[in-house]
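Secondary and tertiary structure notes
Read off the chains here:
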Amino acid sequence: MGEFVGIDPRGADQLIRQMETGKDILGRTRHALEAAIAEAGPSWTGTQGVSAMHRSWAFFDDTQRDLKWRMDALKQLVAMAGDGLLTGALVFNSEAEATRQGKTDAASITGALKQHEIENSPESWRKVTDATAATKQKLSDPAYAAALLSALGPDKFRALFMHWMKNKGPAMDKGVPPNLGPKRSRLTRHAWAR
């Protein structure tokens, strides 16, 4: 799972721009080529021309997306300093793998959260925390994090956060009751004023 990667950020950015330029040229040429082929009809000799252009465009697009994903993932792992080589170990082999794993982990969290909402027991909460803890090492990958949050959706994320607040965070049933809070603070102010 994953791989060690070293990338020159400036060179990668330049290559991404060049591939974008190549895609633009192919995109502008494709329409004229398709029109010429249609006009020539059966006398056209280069029948594979448009297919080759589509494959070239797809190659540029896939390579560009993969390189951008690698750059984004490395930038999350390593603090950029200077103009040198950016290196790190990626958690996933591809953006598609990161996205799939994010959706899978979101399904695990959702299932554990649903079970906790039914049982409301310490054991069911432990399953939720185990499911969320399994994401910790993977969250540095932006594609994984985006897929995880998207698959959870705002309602499940909010429910997860609210359950966490109840179980770990400051809750209304812990500490000073709300009706004593203001009185106590006024008493404290008077005591300090003396």
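All values derive from a computational prediction rather than experimental measurement.

**Quick notes on the overall build of the protein chain**
Within the protein chain, the secondary structure is distributed over 6 helices and 2 strands. Split into buried and exposed, the 194 residues of the protein chain put 28% on the buried side. In the protein chain, once contacts between residues fewer than 6 apart in sequence are set aside, the share between residues at least 24 apart is 71%.

**Some words on unusual backbone geometry**
Even without being a glycine, asparagine 120 presents a positive backbone phi close to 50°. For asparagine 120, the location among the structural elements is in the loop between helix H3 (95–119) and helix H4 (122–133).

**Looking at the pattern of salt bridges**
Taken as a whole and judged by the stated rule, the model has 10 salt bridges. Here glutamate 123 and arginine 126 are joined by a salt bridge, their closest N and O atoms 2.5 Å apart. With a gap of 3 residues between them, glutamate 123 and arginine 126 both fall in helix H4, about one helical turn apart. Looking at glutamate 123, the relative accessible area reads 40%, which means it is partly exposed. A salt bridge links arginine 126 to aspartate 130, with the nearest nitrogen and oxygen atoms 2.5 Å apart. One end of the pair is arginine 126 and the other is aspartate 130, both in helix H4 and 4 residues apart, which spans about a single turn. Taking the relative accessible area as the measure of exposure, arginine 126 reaches 39% and is therefore partly exposed. Residues joined by salt bridges that share partners form a network here, namely Glu20, Lys23, Asp61, Asp62 and Arg65.

**A few points about the confidence of the model for the protein chain**
With 79% of its residues at a pLDDT of 70 or more, the protein chain shows a mean pLDDT of 80. Between the elements of the protein chain, mean pLDDT differs from a low of 47, seen in helix H6 (residues 181–193), to a high of 92, seen in H3. Note that residues 183–194 has pLDDT below 50 and, in this model, 1 contact with residues that lie over four places away or in other chains.

**A closer look at a nonpolar patch on the surface**
Taken together, Leu149, Phe157, Phe161, Met162 and Trp164 make up a surface patch of nonpolar side chains, about 510 Å² in accessible area. Among the secondary structure elements, phenylalanine 161 is positioned in helix H5 (residues 142–167). Taking the relative accessible area as the measure of exposure, phenylalanine 161 reaches 42% and is therefore partly exposed.

**A look at the packing of aromatic side chains**
The final tally for this structure, using the stated rule, is 2 aromatic pairs. Between phenylalanine 59 and phenylalanine 60 the ring centres are 6.2 Å apart and the planes differ by 45°, which places this aromatic pair in the tilted class. The interplanar angle of 20° and the centroid separation of 5.6 Å between the aromatic rings of phenylalanine 92 and tyrosine 144 together place this pair among those described as stacked. With phenylalanine 92 in the loop between strand S2 (86–90) and H3 and tyrosine 144 in helix H5, this pair connects stretches of sequence that are 52 residues apart. Taken individually, phenylalanine 92 and tyrosine 144 each receive the classification buried, so the pair is uniform in this respect.

What counts, and at which threshold
- Residues numbered from 1 in each chain as written.
- Predicted model: local features only at pLDDT ≥ 70, side-chain atom pairs only at ≥ 80, totals over all residues.
- Heavy atoms only, no water.
- Helix = DSSP H or I, 4+ residues; strand = E, 2+ residues; numbered from the N terminus.
- Buried < 20%, exposed > 50% of the residue type's maximum accessible area, 1.4 Å probe, protein only.
- Contact = heavy atoms within 4.5 Å.
- Salt bridge = Lys/Arg side-chain N within 4 Å of Asp/Glu carboxyl O.
- pLDDT = per-residue confidence, 0-100.
- Patch = residues over 30% accessible without salt bridge, like charges linked within 9 Å, V, L, I, M, F, W, Y side chains within 5 Å.
- Areas by Shrake-Rupley, 256 points an atom, 1.4 Å probe, with all protein chains shown as cover.
- Phe/Tyr/Trp six-rings, centres within 6.5 Å; stacked < 30°, edge-to-face > 60°.

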